[in-house]
Structures are given as C-alpha cells and as structure tokens.
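# Analysis of the macromolecular model
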Amino acid sequence: MKRPAPIGLFRAAFVLLGKDLLIEWRTRARLNALVFFSLSTLLLFSFALGPDTKLLERNAGGYLWLAILFASTLSMGESFRIEYENACLDGLRLAPADARAIFLAKAMGNTLLLVALGGLLIPVMVALYGVKVVLGVGPLLATLALGCMALAAPGTVYAAIASNARARDVLLPLLLFPLIVPALLASAKAMMLVLQGDPMNQLNSWFGLLGGFNLIYWGLGFALFPRVIED
Amino acid sequence: MGKFLRMALPPIALGLLVTGHYIGLAVAPPDREMGDVQRIMYAHVPAVWIALMALTINFICSVVYLFKPSWKTDSLAEASAEVGLLFGTVGVLLGAIWGRPTWGVYWTWDPRLTTAAILLVSYMGYMALRRFVEDPEKRAVWSAVVGIIAAVDLPIIWYSVKWWRSLHQVQSSPKTVDPEMVLPLRISAFAFLAFMILFILHRYRIALHERQAEVALPDALPTDGPQANRTPGVV
Amino acid sequence: MSALMTLTVLAQAAAGEVGSGRIQGGWGYVWVSYGITWGAFALYSLSLWLRRPKNSPAGPKE
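As the structure is a prediction and not an experimental result, all values here were calculated from the model. (Residues numbered from 1 in each chain as written. Chains lettered and ligands numbered in written order. Predicted model: local features only at pLDDT ≥ 70, side-chain atom pairs only at ≥ 80, totals over all residues. Heavy atoms only, no water.)

It is worth spelling out the overall build of chain A at this point. For chain A, the helix and strand inventory stands at 9 helices and 0 strands. The order of helices and strands in chain A, counted from the N terminus, is α-α-α-α-α-α-α-α-α. Within chain A, the fraction of its 231 residues that count as buried is 50%. A separation of at least 24 residues holds for 83% of the contacts in chain A among residues at least 6 apart in sequence. (Helix = DSSP H or I, 4+ residues; strand = E, 2+ residues; numbered from the N terminus. Buried < 20%, exposed > 50% of the residue type's maximum accessible area, 1.4 Å probe, protein only. Contact = heavy atoms within 4.5 Å.)

Let's shift gears to the environment of R51 of chain C. On the secondary structure map, R51 of chain C appears in the segment after α2 (27-50). Residues within four places of R51 of chain C in sequence aside, it is in contact with E82, R203 and I206 of chain B together with Y44 of chain C.

Next up on the list: the environment of M41 of chain B. Locating M41 of chain B in the fold gives a position in helix α2 (residues 41-67). When its relative accessible area of 2% is taken as the criterion, M41 of chain B is described as buried.

Next up on the list: the interface of chain A and chain B. Listed as interface residues are 34 residues of chain A and, on the opposing side, 35 residues of chain B. Surface buried jointly by chain A and chain B totals about 3300 Å² across both partners, of which 70% is contributed by carbon and sulfur atoms. Considering only the side of chain A, the residues that lose the most area to chain B are N164, R166 and R227 of chain A, jointly responsible for 19% of the buried surface there. The tally of links from chain A across to chain B stands at 1 salt bridge. One salt bridge connects R166 of chain A with E134 of chain B, and the closest N-O pair in it is separated by 2.7 Å. Summed over the shared surface of chain A and chain B, the number is 7 residue pairs in polar contact (both at pLDDT 80 or more). Looking at the side of chain A that touches chain B, the elements with two or more residues in it are α3 (53-85), α6 (137-162), α7 (168-179), α8 (181-196) and α9 (203-229) of chain A. Considering each element in turn, the side of chain A that touches chain B owes the most residues, 10 residues, to α9 of chain A. (Buried area = accessible area lost by both parts, 1.4 Å probe. Salt bridge = Lys/Arg side-chain N within 4 Å of Asp/Glu carboxyl O. Polar contact = N/O pair within 3.5 Å; in protein donor to acceptor, adjacent residues only side chain to side chain.)

The next thing to look at is the interface of chain B and chain C. It is common to give the size of an interface as the accessible area lost on bringing the parts into contact. Counting from both sides, the interface comprises 34 residues of chain B and, opposite them, 29 residues of chain C. Between chain B and chain C, roughly 2900 Å² of surface is buried when both sides are summed, and carbon and sulfur atoms account for 71% of that area. The largest per-residue losses of area from chain B upon contact with chain C belong to L25, I206 and H209 of chain B, which jointly make up 19% of the total buried on that side. Counting every contact that joins chain B to chain C gives 1 salt bridge. A salt bridge links R51 of chain C to E82 of chain B, with the shortest nitrogen-to-oxygen separation between them at 2.8 Å. On the surface where chain B and chain C come into contact, there are 5 residue pairs in polar contact (both at pLDDT 80 or more). When residues of the side of chain B that touches chain C are traced back to their parent elements, those giving at least two are α1 (2-27), α2, α3 (71-103) and α6 (179-216) of chain B. Considering every element that reaches the side of chain B that touches chain C, the biggest residue donor is α3 of chain B, with 11 residues. Of the residues in the side of chain B that touches chain C, the class split is 19 nonpolar, 6 polar and 9 charged. (Nonpolar A, V, L, I, M, F, W, Y, C, P; charged D, E, K, R; others polar.)

With that settled, the discussion passes to the confidence of the model for chain A. When pLDDT is averaged along chain A, the result is 87, and 97% of the positions lie at 70 or above. Of all the helices and strands in chain A, helix α4 (residues 88-94) of chain A carries the lowest mean pLDDT, 81, while α6 of chain A carries the highest, 93. (pLDDT = per-residue confidence, 0-100.)

A pair of packed helices can be characterised by two numbers: the angle between their axes and the separation between those axes. Residues and elements named next belong to chain B. Axis separation between α3 and helix α4 (residues 111-132) bottoms out at 9 Å; the angle between their running directions is 150°. When the axis of α3 is compared with that of α4, the two are roughly antiparallel. Crossing angle aside, the handedness with which α3 passes α4 is left-handed. Contacts from D74, A77, E78, A81, E82, L85, G88, T89, V92 and W103 of α3 reach α4 at L113, A116, L120, Y123, M124, Y126, M127 and R130. Tallied by class, residues from the contact of α3 with α4 come to 12 nonpolar, 2 polar and 4 charged. (Axes fitted to C-alpha atoms, helices over the stretch in contact; angles between N-to-C directions. Parallel < 35°, antiparallel > 145°, perpendicular 65-115°, else oblique. Left-handed = near helix turned anticlockwise from the far one by under 90°.)

Turning our attention to the side chain of R211 of chain B. Residues and elements named next belong to chain B. When you line up the elements, R211 lands in helix α6. On the basis of relative accessibility, which here comes to 2%, the residue R211 falls in the buried class. Look past the residues within four positions of R211 in its chain and what remains in contact with it is W71, D74, S75, E78, R130 and R139.

Turning to the confidence of the model for chain C, a few remarks are in order. Segments scoring low in pLDDT should not have their predicted coordinates read at a detailed level. Looking at chain C, pLDDT values average 70 and 47% of them are 70 or higher. Segment residues 14-21 of chain C is flagged for pLDDT under 50; beyond a separation of four residues in sequence, or across chains, it makes 6 contacts in the model.

Our focus in this paragraph is a nonpolar patch on the surface. Residue and element names in this part refer to chain A. Taken together, L43, L44, F47 and L128 make up a surface patch of nonpolar side chains, about 400 Å² in accessible area. The biggest single contributor to the nonpolar patch is helix α2 (residues 29-49), with 3 residues. With respect to the helices and strands, F47 occurs in helix α2. (Patch = residues over 30% accessible without salt bridge, like charges linked within 9 Å, V, L, I, M, F, W, Y side chains within 5 Å. Areas by Shrake-Rupley, 256 points an atom, 1.4 Å probe, with all protein chains shown as cover.)

Written as structure tokens, this is what we have:
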C-alpha cells in the first residue's frame, strides 16, 4: 500500500487474512449459517440414531467431526466464491504479492472459521450428548485446532479448483471426502480419547498422524496453489 | 511402433489371458484351505497390481505436466486414470466376492480393502473433475494437482486405517503362494499388463484427439466455453 | 507333559480338518468373478471402440 515493492510472504498473507476476516465480520453471514447448519446436523444425528444416550455419548467425537466436516465443505466453497464474484481473484493476482500468500491467508481463514465453529459446537455437544471432557480443555483445543487445520489445507486447494468448475457444489465434497479420510479418522479418534479418557496413551500417536497430515498438505498446498489459480 | 503395438497387442493380450486363466481354472491345484474359491486370485491379484501401475503412471504424468505442460502428458494422465479405475473396480469387486466364502462377509474394514475403496472414490472424483471443467488448460493443470494430492494421500490412508484397525483386531492372513499357482498368476499378470497397455494406448488416442479438437477452435464454442464457468457478475 | 501332548495331537487333528478343503465347491463365486473380469474388459473395449476418434481432418495422426 505504501510502497510498490513486493511485500513479504507472511505480511501479505496476514494482510489478506485481515481482509477476509473483515469481510466475514461485517456480514457474519457465513458463520451464522454454518453454526445453524452444524447445530441441526448434531441434532439430526440424535434423531437418526434414536434416544440411546449411551450410544450418543460414546460416538460424540465422531458426530462432532462429521458436523464440522459437512460445514467445512460449505464454508470453504464460499471462501472462494466471494473472490470470483466480482473478479476479486484477478485483483489479488495482479497485486505485487506472492500467490502463495493467498493460499496461506485462505487456509488460515478457513481454519479460524472452523475452529470458531468447533468452539461453539463443543459446549452444545457436551450438553446434547451428555459427555464429559475427561482430559481437560488443553488437549480438546489441540485436537480441534489440528483437525481443523487438516481439513482446511487440502480443502482450500480443492475449493479454489471446484469453485471455478461446473457443478462446484458436488465437486468439492467429491474431491475432498476421500482425501481427508485419515484426518477425519485421526481427529475423531483423538476427540473420543479426549472425551472418554486415554488409559492406553494413544492420543499422541493420533496427534502425530494429524501433525504429519498437516505438514504434508500445508506443504503441498503451499507449493501447488500458485498453479491452481494462475491464468 | 504404435501401429505394430495396436496390431500385435490384442492377440497377444487375449492369448495370454486365455492361457493364464485356463491354467488357473483348470490345471492349477485348488488351495489347501480355500479350495476352488482361491482361483479368483488369478484375476483379482493381477487386477489390483495393474490398477496400481496405471495410477502410478497417472501420478508421474501429473508431476511431469506441472513442470512441462504438454497435451500428450495430459492425455496420458486421463487415459491412465480411467484404465486404472477400471482395473481397480474389477479388483475391489473380486475381492469382495472372494471375501464372501472365505471370511463370511463381502466387506471387512481391513486396511487393504478400505484403502482400495477410498482410492476408487478418489479417482472417480478425479474423473468427475475432468468432466466438469471445460477449459482444457485449466482442466489439465487442476487435474494434475488433484492427481498429485490424491496419490500422496494413499500411503497416509493406508497407515491411518492400519492404526485405526489395530486397536480392534489384528488382520492376519499370510498367504503363502504355492509354486504351482505362481505360473498362472504370472501369465495372468502379463495378460492384464498387455490389456492395460492396449487400453491406455487407445484411450490416449481418444483423449489426444479431443484435446486437439478443443484447442483448434478455442472461441468457436459459443457459451459452453470457459466463459460459462464464471459467475454472471463477470463480464 | 501329557496335557501338552494331547494339545499337540488335537491341534494337528484340527489342522488336518482344515487342510482337507474347508470350503467345498464355491465355483459359483469363481465364475461370477471371472465373468465380471471378462465382461469389464469386453465392455471397456466396446466403449473405446465407440469413442474412437472419428472424421479426423488429416486422417490418422501417427
């Protein structure tokens, strides 16, 4: 803004992130819609499975992650739709900043949104399904953050692709769901351990898997994203 | 070379297939434990091997395309993905059928089966992406990206499912293959390999032809072109 | 000791039982499998034939 020289990668990313968060904050449309969508998903699980409280309690972690996953496909598709709407992406591409900064900004924005969503959903889940958080808030937040990051990195790349294709609403889940199976598996498993206690000390291996997944896909997304949005 | 392959390969492939499957069905001894049902192996195992080989070709083409764009690489990627999907589907179906008499169920959540199923869904998504993007250049780049990401995911899925399962039970079915079963297995594998080359070759020609037709008339297609992908706000 | 012997004998007997073809028949599964394989190859060949490049402007490309 002040000088025409290319600004650094991380500064550019944070400027873009600030812009996205500001847009989100001004309308709050996306977060509102997502919260209601995932709340009703959580409710629907209990209707679909019947009032078996034991079952709900045991599987609460899995349901929470499914609700977040379904919401994430909506939210990530939206994060690029706003850029295509008024050809904003072309503007971003023309800016003297690294294209990879766009990936970082979008992925961080999606992560933050999902973490916020999860933060709102967890108390509801605790109340609805009657679970106890045995391991405490620290591991709970760590699981939430790692899991949301793992959904957001590949999701951002695929959302950028799908939002510009035909049938984008179908395409994003079609591409994303098989891909994030390891992340979903690990975060649901870790969440269940957090909720029910971890007598056999398995939590760290699931965190390791999530960490590795994050490392690989944040790296791949960072490297490949400029090719995705090039013209 | 291409002409020779196209003329000579069909009889070779068919001959190998008939020989391999004949030996497998009629000559090879039945398995000690699984009886005649084990004969499914001569179709199931090569199908899975060849599917993995075709998808490896797809991965290599995807990487190469990003470094050195060419319609030939893109067409080969499309061809290998579709053929890999064909062999993979056959392999998974046969595995499920084989599972019914041996395990008593069509499906178990063992790492191999689960990974194979996810693999199929991933590459169906890949093929859907190719179908849903009209702009040939974007389609090529995007499908290369998706091809790389999907291929990288496979080992992660494998290990994660393995860990996930190991908390419940340990899948143990070490299958020692009798020497008399090796011969039909090997012949069948080469037959499937020949079919893969044949299929990919023909599919590649179709894809390349489509690419050339698309590139030859970039703006002639009125509204079905890349413009239609944009949202109405964009002029 | 004798218990161990008994167990060994029992185990061998069980192994023999398993060895003599636990799964009888099952040719139906085999034929369905091979049918799927051959059918898939045939259908895919047919689809390739139907999709073959037509009316190429400059004849065959190779």
